[in-house]
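Below are the chains, spelled out letter by letter.
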Amino acid sequence: MFRALFITLLLLILLGAGVGAGGLYVFYRYGSGLQDYNQLATHDPDVMTRIHAGDGQLLAEYAIERRVFVPLTALPPRTIQAFIAAEDQNFFQHSGIDLTGVARAIIINLKNIGKGRRLVGASTITQQVAKNFLLTNEVSWERKVKEAILALRIEKAFSKERILELYLNEIYLGFQSYGVAAAALNYFDKSLDELSIAETAYLAALPKAPNNYHPTKKREAAIARRDWVIGRMLDERFISPEQAEQAIAEPLVVVAQRRETEFVKADYFAERVRQELVDLYGDDKLYTGGLSVRSTLDPRLQDIADRTLRHGLERYDFRHGWRGPLGVAPEGVDYITAINNFEPPPGMFDRKAAIVMSMDDRGVNILFPGANEGYIPLQEMTWARAWAEGEKLGEPVSRPSQVLSVGDFISVRPEIQAPEVDGVAGVLYPPNTYGLSQIPDVAGAVIALDPHTGRILAMTGGYDFERSEFNRATQALRQPGSAFKPFVYLAALESGYTPSTLILDAPFVIDQGVGLPKWRPANYTKKFYGPSTMRLGIEKSRNLMTVRLAQAVGMDTVAEYAQRFGIVDQMPEQLAMSLGAGETSLLKLTTAYAMLVNGGRRIEPSFIDRIQDRNGLTVFRHDLRECPGCDALFWTGQGVPQLPDNREVLAQPGTAYQIVSMLEGVVQRGTGRRIKALGRPLAGKTGTTNNQVDTWFVGFAPDLAVGVFVGFDQPRGLGFRETGSSVAAPIFKDFMEEALAGEPAIPFRIPPDLRLVRINGSTGAPAVPGDENVILEAFLPGTAPSGESQLLAGDGYTPGFSGTGQTVGSGTPSSGTGGLY
């Protein structure tokens, strides 16, 4: 017996030695050369950057892996419990390898031999962390051995909490979701703490194979796996039997993809923010750094800007005729197949694509995808006169065949009521009645900003971002035309002139030198009006008065003001530049106007208020002013904190207000008078360049500056009598009408040192009894007129006129394009 016991003990020792030697060999062979697991101590997983609007709504996300990092301390306990129950019930007890789980897996695999089933694994959460971070997804015993070795090392180096945090934020759960927080958003459109037990259990069912438990494609398997996790949570006593029963009975309802309504629609704005982030931090930080960006965007104003620009461009396009169908069906293809295979172009919005099936003299029968039919009456096509070069129109439309042919692909909109004729409302249309439409060829932009801070509240750089990503608000450099004139007048006011100064409106000719033609600027009306007040010159957008004023003040001074207000850098000192021949962007010009209404203070346009890193630390702030007292947690009777105003002064507040008042006159009596119908304190200026190529309206309310530009991307004339007043101003009006709806009508703020004097608006002299055109004019101290006004005639050659005013300055003109209206 002793001998047998001795032999048995010896065999056990030898077996143990063999196992130990084998283990040492395995650890030596497979454990050497493994990746350094210590990198997990400082590992920051790739996290998506999220951009929010000013009110916190989500604007855009940028990521290589859609992941939202959540520290373990911020994870709901139920989320942790569900994954522990499903993936590693002994996680907090084992040292990296669950020997009990391994034994259970061996038994199950032995039972499944010959049944064609996949081998069951026994990977712990720690082993999954080792595989996900340090190894590949190769299915082999060698990888499993390396995985086990790394798991043991990781358990010695890191706490269970750190390992679990890495796992729950790194694991892929399908639907482009990396980590549990992203999965909760993508599957259920909820944050983790909003999930039900059943929804949490479903997420915990996914780590093994997300595609095998797809919520719609493999719904039965998904529900069965979810219910199994619920059962495991019950076994571990994480939930009660009642909770388990209720969770199993809950239907599996997911959002197939993130709802579009979750994101604020502002593509041009979001792209501008993305470009700024790339400039600040580079692509890698943008797509993996987990930045949280609070932008300046106001979603309500952005929606208004998008709609009013689209409608304004469509109105213009409607006036200039039909450019043809979207395409023509291939020969020999039936209409249903043709329309079902037709790919509509971007920019359709509420339009539908259709194909023309047949027509008669009264209308057109159309077919939609899915074999639904509709009808276009002739009266909804009469606008579609053929487009001709120069934005001219062909013959009036009297029958549909003048516009369309059978087999044409077209875009249509639902119509409810026939057009009004001679003031009589049209009849209601029957169902499935449509109107012919087309996507505008003309382009434009709208931008709105806070004039006191420079925060960009809304920006749309074109009709449709998918159609063209070129941003006409920031990237297009175009001539502003007469929209530049207020800065010529501002330079004059700060040089000693007043709004009542008389300027000669008469022919102006300058000899440009040998071999060059004489430069002859003209008013839009081609008429001359004699001595007129400076105010009248800007209200009626008189070119000749502006040129004389610029000559008197000096183009060097005008160019300095253009640069001071950020409109044009190093503007040529040529008289044509005073009429807006220098190129600028809508963003720059609107910002310059904002600096008029804010009292002449410099602002920098900004799209970003604040940026925080993945840890919540602020790494960028646009407003760097200190605010003592702003961080008070409670009100204890202290006064309202006062922020210092450290903005640079660009113009005297008094002269800035004088320009504001004159621009208010543009709306009340001048080229922008169609905006007067809103009945609010509004001011601004039209701008149109030669041949009606570029049209503008830039203006403001006391607390909102807005700029509008309309023109073709490949510059060409917009057509006869299409000016800033007819094209851009209506868009400005529509925007302001909606943007200011419900807001009190705040008057423009008047600096305390100004004096308001009753003036004859025609002569600029103090008003006397019997005067009809009497206005209140603002004057700086000591500048109010007491008698006849001085006449500025200038020193250009003026045929047929004899100027009597004193010459104050001169300039050198150019043959370049000038502003017209």
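Worth saying up front: this structure is predicted, and the values here are computed from it rather than measured.

I'd like a rundown of the layout of surface pockets, residues and numbers included.
A volume near 590 Å³ is recorded for the second largest pocket. Thr453, His622, Asp623, Leu624 and Arg625 are, among the 21 residues lining the second largest pocket, the residues nearest its centre. Here the lining of the second largest pocket is composed, by residue class, of five nonpolar, four polar and twelve charged.

Go over the sheet that holds strand β3 (residues 292–295), please, and point to the residues and values.
Taken together, five strands build an open sheet; the order of strands is β2-β1-β3-β16-β17 and the sheet is mixed. A strand with exactly one partner marks an edge of an open sheet, and here the two such strands are β2 (58–62) and β17 (618–621). Taken over all neighbouring pairs, the strand axes of this sheet differ in orientation by 15° on average, direction set aside. Bridge count between strand β16 (residues 608–612) and β17: three bridges; the pairing is antiparallel. When the sheet's bridge partners are listed, Gln612 is paired in β17 with Thr618. Contacting β1 (49–52), β2, β3, β16 and β17, helix α11 (residues 267–288) runs over the sheet at an angle of about 35° to β2.

So what's going on with unusual backbone geometry? Which residues, and what values?
Backbone geometry at Phe349 places phi at a positive 55°, although glycine is not the residue there. For Phe349, the location among the structural elements is in the loop between α13 (335–341) and β5 (352–359). For Phe349, a relative accessible area of 39% gives the class partly exposed. Positive phi outside glycine occurs at Asn691, with the angle close to 65°. Mapping Asn691 onto the fold places it in the loop between β18 (683–688) and β19 (695–701).

Give me the lowdown on helix α12 (residues 299–319), citing residues and values where you can.
Here α12 is 21 residues long and its end C-alpha atoms lie 31 Å apart, about the 30 Å a rise of 1.5 Å per residue gives. A side-chain oxygen of the first residue of α12 lies 3.0 Å from the backbone nitrogen of Arg300; this N-cap is Asp298. After α12 finishes, the residue Gly321 shows a positive phi value of roughly 90°.

Can you lay out the packing of aromatic side chains for me, pointing to particular residues and giving the numbers?
Per the stated rule, a full pass over the model turns up 24 aromatic pairs. A ring pair is formed by Phe700 and Phe748, whose centres lie 5.9 Å apart and whose planes are at 90°; its orientation type is edge-to-face. Placement of the pair is Phe700 in strand β19 and Phe748 in the loop between α20 (724–739) and β21 (755–760), with a sequence separation of 48 residues. Here Phe700 matches Phe748 in class, with each residue buried. Between the NZ or CZ atom of Lys352 and the centre of the ring of Phe368, over which it lies, the distance is 5.5 Å. When the ring centre of Tyr529 is taken as origin, the NZ or CZ atom of Arg542, which lies over that ring, is 3.8 Å away.

What counts, and where the lines are drawn
- Residues numbered from 1 in each chain as written.
- Predicted model: local features only at pLDDT ≥ 70, side-chain atom pairs only at ≥ 80, totals over all residues.
- Heavy atoms only, no water.
- 1 Å grid on protein atoms, 1.4 Å probe; cavity = no way out; pocket = protein on both sides within 12 Å on 5 of 7 lines; lining within 4 Å.
- Points joined across faces, edges and corners; volume = space filled by probe spheres on them.
- Nonpolar A, V, L, I, M, F, W, Y, C, P; charged D, E, K, R; others polar.
- Pairing = 2+ DSSP bridges.
- Helix = DSSP H or I, 4+ residues; strand = E, 2+ residues; numbered from the N terminus.
- Axes fitted to C-alpha atoms, helices over the stretch in contact; angles between N-to-C directions.
- Contact = heavy atoms within 4.5 Å.
- Buried < 20%, exposed > 50% of the residue type's maximum accessible area, 1.4 Å probe, protein only.
- Expected span 1.5 Å × (residues − 1).
- Polar contact = N/O pair within 3.5 Å; in protein donor to acceptor, adjacent residues only side chain to side chain.
- Phe/Tyr/Trp six-rings, centres within 6.5 Å; stacked < 30°, edge-to-face > 60°.
- Lys NZ or Arg CZ within 6 Å of the ring centre and 35° of its normal.

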